[in-house]
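Here's the letter readout for the chains.
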Amino acid sequence: MIRTVRTIAELRAHLAGWRDQGHRIALVPTMGNLHAGHFQLIELARQNADKVVASVFVNPTQFGPNEDFSRYPRTPEGDAEGLAKAGCDVLFLPSVETMYPLGAEAAVRIRVPGVADVLEGAHRPGHFDGVATVVARLFNMVHPDVALFGRKDYQQLQVIRHMARDLAFAIDVVAAPTVREPDGLAMSSRNQYLVGDERRTAVELINNLRMLREQAALGLPLRGLEAEAEQRLTAAGFEVDYVAIRRADLSVPEDGGEPGLLALVAARLGKTRLIDNLEFDSA
Ligand code: PAF
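What counts and what doesn't
Numbering of residues starts from 1 in every chain and runs along the sequence as written. Where local features are concerned, this predicted model is filtered to residues with pLDDT of at least 70; where side-chain atom pairs are given and counted, the filter is 80 or more; whole-chain, interface and lining totals use all residues. Neither water nor hydrogens contribute to the side-chain values; these are computed over all heavy atoms in the structure. Put simply, DSSP marks the helices as runs of H or I at least four residues long and the strands as runs of E at least two long, and each gets a number from the N terminus on. Here the globule rule is a power law, 2.2 Å times the number of residues to the power 0.38, and the radius of gyration is based on C-alpha atoms. The cut-offs for exposure are 20% and 50% of the maximum accessible area for each residue type, with area from a 1.4 Å probe on protein chains only; residues under the lower value are buried, those over the upper are exposed, and the others partly exposed. By the convention used here, residues are in contact when the closest approach between their heavy atoms is within 4.5 Å. Every accessible area reported is derived by Shrake-Rupley at a probe size of 1.4 Å, with residue values counting cover from the shown protein chains alone. Under the convention used here, Asp and Glu are negative, Lys and Arg are positive, and both His and the chain ends fall outside the count. Note that the charge is assigned to NZ on lysines, CZ on arginines, CG on aspartates and CD on glutamates. Each polar contact in these results corresponds to two N or O atoms within 3.5 Å; when the atoms are within protein, one needs to be able to donate a hydrogen and the other to accept it, and residues that are neighboring in sequence are counted only if both atoms are side-chain atoms. At least two DSSP bridges between two strands are required for those strands to pair. To get an axis, a line is fitted to the C-alpha atoms, and for a helix only the part in contact is used. The angle between two axes follows their N-to-C directions and goes from 0 to 180 degrees. What is meant by a nonpolar core is a set of buried Ala, Val, Leu, Ile, Met, Phe, Trp, Tyr and Cys residues, joined one to another through side-chain atoms within 4.5 Å. One heavy atom suffices: a residue is near a molecule or strand as soon as one of its heavy atoms comes within 4 Å of it. Here the nonpolar group is Ala, Val, Leu, Ile, Met, Phe, Trp, Tyr, Cys and Pro; Asp, Glu, Lys and Arg are the charged ones; every other residue, Gly included, is treated as polar. Here the aromatic set is Phe, Tyr and Trp, taking the six-membered ring for Trp, and pairing holds for ring centres within 6.5 Å; pairs whose planes are under 30 degrees apart are stacked, those over 60 apart are edge-to-face, and all others are tilted.

Another aspect to go through is the overall build of the chain. Across its full length, the chain carries 10 helices and 9 strands. Taking 19 Å as the expected radius of gyration for a compact globule of 283 residues, we find that the chain reaches 19 Å, a close match to that expectation. Scored against the burial criterion, the 283 residues of the chain give a buried share of 53%. Put simply, of all contacts in the chain between residues at least 6 apart along the chain, 72% involve residues at least 24 apart. Split by element, the accessible area of the chain, about 13100 Å² in all, is 51% carbon and sulfur. For the chain, the centre of its 31 positive side-chain charges and the centre of its 37 negative side-chain charges are spaced 3 Å apart.

Printed below as a string of structure tokens:
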């Protein structure tokens, strides 16, 4: 069984012991309902540190009023079992009161300007404030040497990097590749919401991102490619929030192609909102 701690005092007692022994410490922040993508983060954490802490906290401040906070899947026993198997040392399972001692409404919030305002930020106002706020708290509680995040949440990764750099957190932020199902669908806790034919249709997200990569390599105009991908996804049954070809820093590239681009997509299939992205220079 993995060691599970729920309070900051218990957590710090472990961390102090490890630090006394000169251990390098990794943090893997999660919202639980863990899948192979998360376990890959633990694996990468093990390669980057001597001790690994995973946090499981469904963070209320990053969900909008009409989003899936209350139905977000919570599977603490399965998570603890999976983390133990993956070689995680400590599971930090804080309550809302531990994470937000003054209450979520009174919580000091972190707002990352610019990178947090576009794409996901534009469609989910306040979402990245909640993410940056909770990640900064976790960084302060754990003081890890390294923290790991998945590339599937590409924009989240950029927001956290911006926040960590600007607030002078002495933490290496390491990104892990997206883990995909055999048909290419990016692994996500939200995939289990998909019902009926939706699961088969969901693969069109990555299919369209791959098509965009091929078309962009031919030098076709990027804005037209985005619009066509959006039309294809809509025809397949998605309600599309955005299809966007961007530079690595999420700024908008000129037509004509350049290295280092990626395509990002967010779309709803029935009641399920999915995101994915593909870096064009990746395999
Ligand atoms: O990616 C997630 O699971 C969450 O946004 C994170 C980083 C754990 C913050 O709640």
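Having seen the structure, we can now continue with the description.
Mapped onto the elements, Asn 59 comes out in the loop between strand S3 (51–56) and helix H3 (76–86). With a relative accessible area of 1%, Asn 59 lands in the buried category. Taking the C-alpha atoms as reference points, Asn 59 and Val 135, 76 residues apart in sequence, are found 9.8 Å from one another. Excluding residues that lie within four positions of it along the chain, Asn 59 makes contacts with Met 31, Phe 69, Tyr 100, Gly 130, Val 131 and Val 134. For Asn 59, the side chain forms a polar contact with the side chain of Thr 61, separated by 3.0 Å. There is a polar contact of 3.1 Å between the side chain of Asn 59 and the backbone oxygen of Gly 130.

Quick look at the sheet that holds strand S4 (residues 90–92) now. Taken in spatial order, the 6 strands make up an open sheet running S1-S4-S3-S2-S5-S6, and their pairing is parallel. A strand with exactly one partner marks an edge of an open sheet, and here the two such strands are strand S1 (3–5) and strand S6 (172–176). Going from strand to strand, the sheet's axes swing by 25° on average, the running direction of each strand aside. As paired elements, strand S2 (residues 25–30) and S3 share 6 bridges and run parallel to each other. Within the sheet, the bridge partner assigned to Thr 30 lies in S3 and is Val 56. Where helix H1 (residues 8–20) meets the sheet, its contacts fall on S1, S2, S3 and S4, and the angle it forms with S1 comes to roughly 125°. In the packing of helix H6 (residues 127–142) onto the sheet, the strands contacted are S2, S3, S4 and strand S5 (146–150), and the crossing angle to S2 comes to about 150°.

As a further point, take the nonpolar core. Among the nonpolar cores identified, the biggest contains 47 residues, and Val 53, Phe 139 and Met 163 are the most heavily contacted of them. Broken down by element, this core gets its largest block of residues, 10 residues, from H6. Discounting residues that sit within four places of it in the chain, Met 163 has contacts with Ile 110, Val 112, Ala 132, Val 135, Ala 136, Phe 139 and Phe 169. Ranked by size, the runner-up nonpolar core spans 25 residues in total, among them Leu 209, Leu 225, Leu 261 and Leu 278.

Here we come to the site of the ligand. With respect to spatial proximity, the complete set of residues near the ligand consists of Pro 29, Thr 30, Met 31, Asn 59, Gln 62, Val 134, Phe 149 and Gln 156. With respect to the ligand, the side chain of Gln 156 contributes an N or O atom lying 2.7 Å from an oxygen atom. Taking 290 Å² as the accessible area of the ligand by itself, protein coverage stands at 88%. Class assignment of the residues belonging to the shell around the ligand gives a composition of 4 nonpolar, 4 polar and no charged.

Counting buried positions along S6 gives 4 out of 5 residues, so the element sits mostly inside the fold. Strand direction decides the pairing type here: S5 and S6, joined by 5 bridges, are parallel. Bridge pairing links Phe 149 to Ala 175 in S6.

Looking now at the packing of aromatic side chains. All chains considered together, the criterion is met by 5 aromatic pairs. Look at Phe 63 and Tyr 72: their rings are 5.8 Å apart centre to centre, the planes differ by 75°, and that puts the pair in the edge-to-face class. Taken as a pair, Phe 63 and Tyr 72 share a single burial class, namely buried. With a centroid separation of 5.2 Å and an interplanar angle of 80°, the aromatic rings of Phe 139 and Phe 169 are classed as edge-to-face.

We now examine the sheet that holds strand S9 (residues 272–279). Pairing in this open sheet of 3 strands is antiparallel, and the strands run S7-S8-S9 from one edge to the other. The strands lining the two open edges of the sheet, one partner per strand, are strand S7 (239–246) and S9. Here the average twist between neighbouring strands, direction ignored, is 10°. Packing against the sheet, helix H9 (residues 204–217) makes contact with S7, strand S8 (262–269) and S9, and its axis sits at approximately 30° to S9.

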